[in-house]
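# Residue-level structure breakdown
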Amino acid sequence: MSTVTESPQGNDFALGELFQFLTEKDVRPQGHPVAAAPAPAHNGVKSALATDEAGERLRQLLLDLLDIEAQKAKANPENSEGEQVWPLRLRQLERQCRDPRVMGQVIFPIFAVLLQKKIAQSPEEIIPALALIIDRVIETRSLSDRTALSKVLATVIPGAISKQLGEAPNEVIQAIAPAMGKAITEQVRLDRDAMVDALYPVIGNTISKYMGEVVSQINDRVEQTFSLKGIVRRLSLRWQGISDAEQILRDAIPFRVQAVFLIHKNSGLVIADVQQSGAQALEADMLAGMLTAIRSFAAECSTDPRHQSELTKIDYEDFQIIMEVAGYCYIAAVTQGDPPGNFSIKLRQTLSSIILNHGYGGLLEQFDGDTRRVPDSIPQLLRELLVAPTVLEKPKVRRRPLPVGLLILLILLGIPLGWVYYRHWQKQQVILAVDEAIATTPTLALYGIRPRIQGETLILTGKVPSPDLREEAGTVALEVAPKFVLDNQLLTVVAPPDPEAIAAEAQRLTQSFGQMLGTMLTSRYDLPHQQLIVEGGAIAPEQITPLTESLRQIPGVQSVILTLNGDPSPTAQRLYFNPNSTVIAPQEQTQKLEPLVAYLQANPNIRLQIIGHTDTSGTEKINQRLAPERAEVVKAALVQLGINGDRLAIAGTIAPPPQVTESDALWLSRCVRFQVLN
Amino acid sequence: MVTVSKKICMVGDFGVGKTSLIRRFVDREFSDRYLSTVGVKISRKVVPLPPIDDIDELKLLIWDLEGQTKFKAITPTYLQGSSGVLVVADVTRSETISHIEDHLQLFFGVNPQGWVAIALNKTDLLDSDEQTYLQNSLQFNRPHILGPYLTSAKSGDNVDQIFTTLAKKMLD
Ligand SMILES: Nc1nc2c(ncn2[C@@H]2O[C@H](COP(=O)(O)OP(=O)(O)OP(=O)(O)O)[C@@H](O)[C@H]2O)c(=O)[nH]1
Ligand SMILES: [Mg+2]
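Here the structure is a predicted model, which is why all the values come from computation and not from measurement. (Residues numbered from 1 in each chain as written. Chains lettered and ligands numbered in written order. Predicted model: local features only at pLDDT ≥ 70, side-chain atom pairs only at ≥ 80, totals over all residues. Heavy atoms only, no water.)

### Looking at the interface of chain A and chain B
On the side of chain B, 20 residues touch chain A, which itself brings 18 residues to the contact. Taking both partners together, chain A and chain B bury about 1,600 Å²; carbon and sulfur atoms supply 54% of that area. Applying the counting criterion to the chain A and chain B interface returns four salt bridges. The residue Glu283(A) makes a salt bridge to Arg44(B) at a minimum N-O spacing of 2.1 Å. Taken together, the connections running from chain A to chain B amount to seven residue pairs in polar contact (both at pLDDT 80 or more). Its residues assigned to classes, the side of chain A that touches chain B shows five nonpolar, seven polar and six charged. (Contact = heavy atoms within 4.5 Å. Buried area = accessible area lost by both parts, 1.4 Å probe. Salt bridge = Lys/Arg side-chain N within 4 Å of Asp/Glu carboxyl O. Polar contact = N/O pair within 3.5 Å; in protein donor to acceptor, adjacent residues only side chain to side chain. Nonpolar A, V, L, I, M, F, W, Y, C, P; charged D, E, K, R; others polar.)

This is how it looks when you write it as structure tokens:
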């Protein structure tokens, strides 16, 4: 029995307690303690141990162990007296077994060792016995010392979860799913920024903008963003007074990224910065500080306190500063030229990589101005934005495991974020990529095209207005998900939803465009043919292309037909005026009056009636005066340019000129037109 | 060459001399004109460090915040990520001194681990008796608070000292 006496008493705390538990709670101090007594209720649940079977089995086990010891002693020749002593002892023990207190005292010191031996010898027998009480063991322990138990379990649970995630992910997911919502809410409350950074790589900066918001609000936003404004951007730029030349110049500046900064969101300190060589270096820290202050200011001024609004773009002289914001840091890119759609995606990809690779160690969160802690890979990632601002990282669509970073975070926070993304991780990735590709293709962004995946098939559903667009959507989708088979279920909408809306939108575009060129243009919508017919004055074909392009983009317009008045006669021109003005604009002078003078000089027999018109705004009295005054002014200008005043008669009317109705834009009526008299 | 950057903020009532202290420290200039700061102005000053440290220089990014008025409180978001703050009061306006406590609370509320240096500014306007009295009557014996320093942006008294002492504390 040497091994037994050497064993320090109670060396295994948990087992000691187990024993205590056996003796004090479940084994009754009666004649037949471990036998048939009805089970004492424990929390109303029948104790497993108190069944006959369990008690008996445990007793048997212990006896077995003693038996082995006895046999060993017998086999040892030096221990000769054993032969007589053992049967006696055995009987004694057997008796003691019936008294739990005695039994306890006897077995307590050796219990651990016995158990170890038994486990080594025949674990299958121990397991069912312990299995009956293991839950109670843990329960009791957790009641007596929660921290100790937590400490022990903490070391194995992460491993257990990751193993289970690998083997039976569904079970884990089902188990934790119900608590996810609450857990996330709590985490958002505790540390919003940590949550933003955790989700940023999958959702992008939408998360910081809309966290805590209901989904419908997101939809509103998205709809606004994709309104018709997008497609007429080109035109609207001109309406804002940017001349053709300027626009051409602007388009001609190649997009270029001057500098990229990764900035700590709270302090505005520069975590990393890269700049084009050769160019004048920007003062990174000053710029970063100022941007951060502006961002704080903008957030402070945000009118709706529920929104965490984020400033994402600043125009600065001929530079643009484009920002992409995550939880603890943001990227600011100083750019020139119009940024291509890809660029914002690239920014997002870069920020995602940085967060995935470095965010979870607290580097970004706790950045304290010491750039020695910033790994080289961060500036390398940023440099990518300089040298290849539009080259996207190919979305990886093949199987990929839940990112380690997410998994660690999941366990650390107690929020297993993989719940949605685990099983459908790869599918989600593809769908996201396709969505993004479609959203960044201007011609497609308008139509709610929905990608879906079934097995290896990528399905596109939704409605587009033309077969061309349907094709284009398919091509764009396959480009980002080349491993999938495309099932293009996009419907080409034959009958547009609202012909009146189309006609109105087309008319608005056409007239505004006409105003820009100083000529009258109108459009009609031919519903059966889905054609737009544009009519109006003489315009060079290349001048009108932007209009036809824009018109073709309107859903429900299949083709645009130009029936422009080929009459190049300068007498057919109309001069347009600003409201309440009689001043001839310089471009009207050069483009219309001067050719007219040349024409009149070449045709000395022609006499002109000059007719002034006004719009319907303003009082009739003023307009009555204004109309002939405009004609007068034009006559004077012609005389000044060398035309004999006798050839020019004047008239004025407050009625709109021919072809202009009351529903047309007002400026069309503020004109002077000419009529040849002989 | 190892450079570490730190953000510090200037906090205090309007007109106490926050902007003037920065100007003195960074540009070595002073002006009697009062141009009230609107929003935030950021300045930078590189403070060389003695060669004992493994850091060669400290780049201070100094955020000059709009002073607190009756109508407008200091925006706490600007204080975020600031390792230290210089709380400034004007010795000729006692209410600015009594507001020091509010500014301390605001800063420590945002940044419990940060450091504060207190500047009692415009001391050139006091005679030496008044200065001594002030020095003795105002004590802030609390952790993470330095000073009060009797400063003058006009004469330059204690200006470098207060900034560099705060800077060094933030590095420890
Ligand atoms: N005599 C004297 N005048 C000072 C001193 N410091 C600042 N002033 C004057 O006090 C006035 C206000 O100084 P600023 O530095 O603009 O004060 P501020 O705290 O930045 O003010 P706000 O930006 O409005 O919050 C100016 O007229 C300064 O010339 C000083 O040490 N001595
Ligand atoms: Mg100021």
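### Quick word on the confidence of the model for chain A
Residue and element names in this part refer to chain A. For chain A, the average pLDDT comes to 71, and 61% of its residues sit at 70 or higher. Taken element by element, chain A is modelled with least confidence in helix H12 (residues 215-225), mean pLDDT 34, and with most confidence in strand E17 (residues 608-613), mean pLDDT 93. The model gives residues 1-50 a pLDDT under 50, and that stretch makes 75 contacts with residues more than four places away or in other chains. The low-confidence segment residues 414-421 (pLDDT under 50) makes 25 contacts with residues lying over four places distant or belonging to another chain. (pLDDT = per-residue confidence, 0-100. Helix = DSSP H or I, 4+ residues; strand = E, 2+ residues; numbered from the N terminus.)

### Examining the packing of aromatic side chains
Two measures describe an aromatic ring pair: the distance that separates the ring centres and the angle between the ring planes. Taken as a whole, this structure holds four aromatic pairs over all chains when the rule is applied. Arranged with centres 4.9 Å apart and planes meeting at 70°, the rings of Tyr576(A) and Trp667(A) form a pair that is edge-to-face. Placement of Tyr576(A) in strand E16 (residues 575-576) and of Trp667(A) in the loop between strand E18 (648-653) and strand E19 (671-676) is noted, with a sequence separation of 91 residues between them. Comparing Tyr576(A) with Trp667(A), the two get one shared label, buried. Here Phe107(B) and Phe108(B) contribute two aromatic rings whose centre-to-centre distance is 5.6 Å and whose plane-to-plane angle is 55°, an arrangement assigned as tilted. What makes Phe107(B) buried here is its relative accessible area of 1%. (Phe/Tyr/Trp six-rings, centres within 6.5 Å; stacked < 30°, edge-to-face > 60°. Buried < 20%, exposed > 50% of the residue type's maximum accessible area, 1.4 Å probe, protein only.)

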